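Fold and geometry: a report
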Amino acid sequence: MKFKAFRDNFSLKLLSFFLAILIWLIVVNVSRPEITRTQTVNLDIESTDTFNAENKKWSVDRNTVTISYKVRTDQAATISADDFHAYIDLKDYSITGSVPVYVNVAASKENTVDDVTVRPTVIHVTLEDIQEKKFDLKVHQSGNPADGYAVSSIILSPETVYVTGPESQIGRISSVGISVDVNGLTGNKDATAKPVLYDANGNAITLNDVTLSTDSVHYSVTLHKKKSINLLPSVTGTPAAGYQYESTTVSPQSEILAGAPGIIDQMTVFELPTIDISDATDSVTETFQLKDYLPSGIELAEPNAEVIVTVRIEKIPETEEESTTTAESSAEIPHITEAETTLPETSVSEAPAETSEAVSGIREPGDQQTKSTDSEHSEASAAITG
């Protein structure tokens, strides 16, 4: 029912719609009403060298502004952000840090736009002292050389760099270094790299307000060949009397060293410092930090190599011949007890009588009597001894 009513006089209704549009267009074109439009415009900075003499660096809190304007409806489409020039002049800097924003309209559009305003009307400018700081360049090595090779050294030229910029920016820099890729290297390498800024966490950072004293760093990588070398102990001196040298053990028995091919290829063993065992009565153990004894041109393939050398000293055991000789010497010496050294009373009392008689018989001279008396005296002494 409603649809039928809509179709009634449909052609008349359609004609009325188009007439309304036509009348609106005529009114708009004849009256040309104004409308408000906005544009986002980049902010230019003038007199940028104002603070150079004071050794200060400036920065602003924003880089764009919003411009509002009025324009006739029929000309609104002809206006763009390029028709406006927004800028500040650092010579207007005051102690508050606020600098006014100025806007210029392109000459070709001056009669097209009206009531031009800008937001914000002032820009805040911050001044900082410029700082120059020296950094020792660090090497950030990536990858590993080919099997059987080790990085001996990486030499940089220059070894230091100066970074200049606002204090707040310099304070964000913890170190400056270069990245060196040694993956798969089998020989020495010379190249250049760009220095990179790193924060306290070791992350690379980009700071637009700082400058470096150099944009390129030359580096030279020296490779050494690795080889397993046997460790040879050395002992001097003589143990104390009654002791003898038994053996020497080394832990580890070998170590992987690195050096220039012409040097390391000639090495077969490495002699450790001599251990003195003079007058030793017990085993001797020495610990060596191998890096402290390596010759020039030779280095450890792995850090902190510790070598322990143990020299065994033992007491000399008694031989079977020495034991037999000692036993025989003990058998030749009679063992006299207290009972055997006590004589009977009869023997002691009789002995003087017999001796007296013998002595009394030596009053008359004569060889026979003398010999007889000596014989009797000997017999008496033997009896006493027996």
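Preceding block: the structure.
Figured I'd write up the structure that's included with this text. What you see is a predicted model, and the numbers here were worked out from it, not measured in a lab. (Residues numbered from 1 in each chain as written. Predicted model: local features only at pLDDT ≥ 70, side-chain atom pairs only at ≥ 80, totals over all residues. Heavy atoms only, no water.)

Now for the overall build of the chain. Along the chain, the regular secondary structure elements total seven helices and 22 strands. Counting across all 386 residues of the chain, residues that qualify as buried make up 25%. By sequence separation, contacts in the chain at least 24 residues apart represent 75% of the contacts at least 6 residues apart. Of the roughly 25400 Å² of accessible surface on the chain, a fraction of 49% belongs to carbon and sulfur atoms. (Helix = DSSP H or I, 4+ residues; strand = E, 2+ residues; numbered from the N terminus. Buried < 20%, exposed > 50% of the residue type's maximum accessible area, 1.4 Å probe, protein only. Contact = heavy atoms within 4.5 Å. Areas by Shrake-Rupley, 256 points an atom, 1.4 Å probe, with all protein chains shown as cover.)

Our next topic: the packing of aromatic side chains. By the definition in use, this model includes five aromatic pairs. Ring geometry for F288 against Y293: centres 5.7 Å apart, planes inclined by 90 degrees, an arrangement best described as edge-to-face. Residue class for F288 comes out buried when judged on its relative accessible area of 6%. (Phe/Tyr/Trp six-rings, centres within 6.5 Å; stacked < 30°, edge-to-face > 60°.)

Looking at where N183 falls in the secondary structure, it is placed in the loop between β11 (175-181) and β12 (189-193). Look at N183 and you get exposed, because its relative accessible area is 54%. Linking N183 and G143, residues 40 residues apart in sequence, is a C-alpha distance of 4.2 Å. Discounting residues that sit within four places of it in the chain, N183 has contacts with S142, G143 and N144.

Time to look at the side chain of H224. Inspection of the secondary structure puts H224 in strand β16 (residues 217-236). What makes H224 buried here is its relative accessible area of 10%. If sequence neighbours within four positions are ignored, H224 has contacts with G148, Y149, A150, S152, A258, G259, A260, G297 and E299.

Let us look at the sheet that holds strand β22 (residues 306-315). Read from one edge of the open sheet, three strands run β17-β22-β20, paired in antiparallel fashion. Edge strands, defined here as strands with exactly one partner in the open sheet, are β17 (243-251) and β20 (284-289). Strand-to-strand twist in this sheet, taken as the mean axis angle between neighbours without regard to direction, amounts to 15 degrees. (Pairing = 2+ DSSP bridges. Axes fitted to C-alpha atoms, helices over the stretch in contact; angles between N-to-C directions.)

Let us now look at the sheet that holds strand β3 (residues 64-72). Ordered by their spatial adjacency, five strands build an open sheet running β6-β4-β1-β3-β7, and the pairing between neighbours is mixed. For this open sheet the edge positions go to β6 (102-105) and β7 (113-119), each flanked by a neighbour on one side alone. The average angle at which neighbouring strand axes cross in this sheet is 30 degrees, direction not considered.

For β17 and β22, the ladder comprises eight bridges, and the chain directions are antiparallel. Paired with V250 across the strands is V309, a residue of β22. Relative to β22, β20 runs antiparallel, the two being bridged by six bridges. The residue of β22 that forms the bridge with E286 is V309.

The subject of this paragraph is unusual backbone geometry. Residue P120 is reached from R119 by a cis peptide bond, and omega for that bond is -5 degrees. Relative to the helices and strands, P120 resides in the loop between β7 and β8 (122-142). A cis amide bond links S157 with the next residue in sequence, P158, at an omega value of 0 degrees. For P158, the location among the structural elements is in the loop between β9 (149-157) and β10 (160-166). If you check the backbone angles, N55 has positive phi at about 55 degrees while not being a glycine.

Let's shift gears to the pattern of salt bridges. Summed over the entire model, instances satisfying the criterion amount to five salt bridges. As a salt-bridge pair, K70 and D115 come within 3.6 Å of each other at their nearest N and O atoms. Of this pair, K70 sits in strand β3 while D115 sits in strand β7, and the two are 45 residues apart along the sequence. Using a relative accessible area of 43% as the deciding quantity, one classes D115 as partly exposed. Across the pair R312 and E314 runs a salt bridge, and its minimum N-O distance is 2.2 Å. (Salt bridge = Lys/Arg side-chain N within 4 Å of Asp/Glu carboxyl O.)

Moving on, we come to the environment of T40. Note on placement: T40 falls in strand β1 (residues 34-46). Beyond its immediate stretch of four places on either side in the chain, T40 contacts T64, V65, T66 and A81.

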